[in-house]
Amino acid sequence: MPIPSAPAVVEAGLTLPGTFDEASPSGGLEETLRLFSLAEELGYQVAGIRQRHLERGVSSALPFLAAATQRTSTIRLETAVVPLGFETPFRLAEDFATVDVLSGGRINVGVSSSAPHRELVRALSRVGEADDIAPYTLIERFLEALEGRALSDEVITTPYGRQIPRIQPHVPTLRERVWLGGGSARSVRWAAEHGLKLFLGNLAAADGDASFETVQRARIDEYHALFVGSGEPAVGVERVIVPTDSATAAQRAHYREYAAARDERTLAPVRGVVFQRDLVGTADEIIGRLREDPAIDGRTQLRIALPYAFHRDDYRQILSDVAEGVLPRLGWRPAGSASAVAA
């Protein structure tokens, strides 16, 4: 197939779940770090880690990314995403700034307004005001903390001398690298009106009888129309992409079974949510689907969402096939290549 005159995919990344064995988590976490290194070698522009609570996946994204900063040197690293409902805004700002300094300025700050499993962990959480703070108020406080403004006109005395108190370390550009994970019309509008970048997954709040693709395209258009702020608008969309070209027979059977088990949810809204079908098949089939995807428009960034609980060999095969057999035919250039540098 010919490369389109206007590249359909300019930037591509991946989102990893950080799957591990409950009895021996170190093996899975180590393999996930190696996948970050592989993604950098393959030329992906960004690698993200999910933050999942009460599951066999990474439950604390920032310590994991701190380790990833020491295994990589150029690829951008992101949280996809940190639910703010359990966080203290100023402490989270300190952690993001610290990891960003360790990375040399490569962190994308991905957050959401959610608090998954709140009822299950309520007894282990702090009580009082934190339970009653509105989600978007938490985001506002977090953004203010990232900005690093002085917290008082009064000088404080520290072991490092007298200084004006503010969040440390202070990274002036970090506020411009905040991505809000959304899917509802409200979250999309809020991100645009506050100058944030936008993450959209492979599900969205239902809008009547509209398909997932129609809803997500409308969300992207609304975001760009409403965006204000000094930074540049940016949208990243997740797609579950599983090429089968170099897969073994056993892997292909596993991938087909995985896709079939998830297809039913794409046929009609589920509890007010519409889902996109996974892209599982040959490179030709996947490229055809992506070229028909209205969200892949030449400026939207693509995130390859890797499935949960796959084997490490599956992840390596998927990442390699996407980088070598799918993305280049959509106009994508690996980071660090001569053509990418020239562009």
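Note: the structure precedes this text.
Residues numbered from 1 in each chain as written. Predicted model: local features only at pLDDT ≥ 70, side-chain atom pairs only at ≥ 80, totals over all residues. Heavy atoms only, no water.

Trainee: Help me out: how do you make sense of the nonpolar core in this one?
Mentor: Generally speaking, soluble globular proteins have nonpolar side chains that are buried together. Counting residues in hydrophobic clusters, the biggest one holds 82 residues, and the most contacted among them are Tyr44 and Phe96. When sequence neighbours within four positions are dropped, the list of residues in contact with Phe96 reads Leu62, Thr79, Val82, Ile107, Asn108, Val109, Gly110, Val111, Phe142 and Leu174. (Core = buried A, V, L, I, M, F, W, Y, C linked by side-chain atoms within 4.5 Å. Buried < 20%, exposed > 50% of the residue type's maximum accessible area, 1.4 Å probe, protein only. Contact = heavy atoms within 4.5 Å.)

Trainee: Looking at this structure, how should I read the environment of Ser60?
Mentor: On the secondary structure map, Ser60 appears in the loop between β2 (46-49) and α2 (61-69). Accessibility expressed as a relative area gives 36% for Ser60, which makes it partly exposed. Placed 19 residues apart in sequence, Ser60 and Thr79 show a C-alpha to C-alpha distance of 9.5 Å. (Helix = DSSP H or I, 4+ residues; strand = E, 2+ residues; numbered from the N terminus.)

Trainee: Quick question: what am I supposed to make of the packing of helix α1 (residues 25-42) against helix α10 (residues 312-326) here?
Mentor: The description of two packed helices rests on the angle between their axes and on the distance between the axes. At a minimum axis distance of 11 Å, the contact between α1 and α10 shows a crossing angle of 15°. Comparing their axes, α10 and α1 come out roughly parallel. Classified by chirality, the crossing of α10 by α1 is right-handed. Every residue of α10 that contacts α1 at Glu31, Arg34, Leu35, Leu38 and Leu42 is listed here: Arg312, Tyr315, Arg316, Leu319, Ser320, Ala323 and Glu324. Considering only residue class, the contact of α1 with α10 consists of six nonpolar, one polar and five charged. (Axes fitted to C-alpha atoms, helices over the stretch in contact; angles between N-to-C directions. Parallel < 35°, antiparallel > 145°, perpendicular 65-115°, else oblique. Left-handed = near helix turned anticlockwise from the far one by under 90°. Nonpolar A, V, L, I, M, F, W, Y, C, P; charged D, E, K, R; others polar.)

Trainee: I would appreciate a short explanation of the pattern of salt bridges in the present structure.
Mentor: Pairing of side chains with opposite charge becomes possible as their charged atoms draw close. Overall, the coordinates contain 21 salt bridges when judged by the stated rule. One salt bridge in this structure joins Glu238 and Arg50, with 3.0 Å as the shortest N-O distance. Taken as a pair, Glu238 in strand β11 (residues 235-239) and Arg50 in the loop between β2 and α2 lie far apart in primary sequence, 188 residues in all. Judged on exposure class, the residue Glu238 and its partner Arg50 are both buried. Among the salt bridges present, the one from Asp95 reaches Arg91, with a minimum N-O distance of 3.2 Å. A residue pair is termed a helical-turn pair when its members lie 3 or 4 positions apart in one helix, as Asp95 and Arg91 do in helix α3 (residues 89-103) at four residues. Judged by its relative accessible area of 30%, Asp95 falls in the partly exposed class. Because the salt bridges share partners, they merge into one network encompassing Glu144, Glu147, Arg149 and Arg175. (Salt bridge = Lys/Arg side-chain N within 4 Å of Asp/Glu carboxyl O.)

Trainee: Can you walk me through the pairing of strand β15 (residues 301-305) in this structure?
Mentor: On any regular strand, side chains alternate: one points to one face of the sheet, the next to the other face. With respect to burial, β15 is a largely interior element, five of its five residues being buried. Side chains Gln301, Arg303 and Ala305 project from β15 onto one buried face, and the interleaved Leu302 and Ile304 project onto a second face that is buried too. As defined by bridge partners, strand β1 (residues 12-16) adjoins β15 across four bridges and the pair is classed as parallel. The residue of β15 that forms the bridge with Leu14 is Ile304. Pairing between β11 and β15: four bridges, direction parallel. Residue Val237 lies in a different strand from β15, and its bridge partner there is Leu302. (Pairing = 2+ DSSP bridges.)

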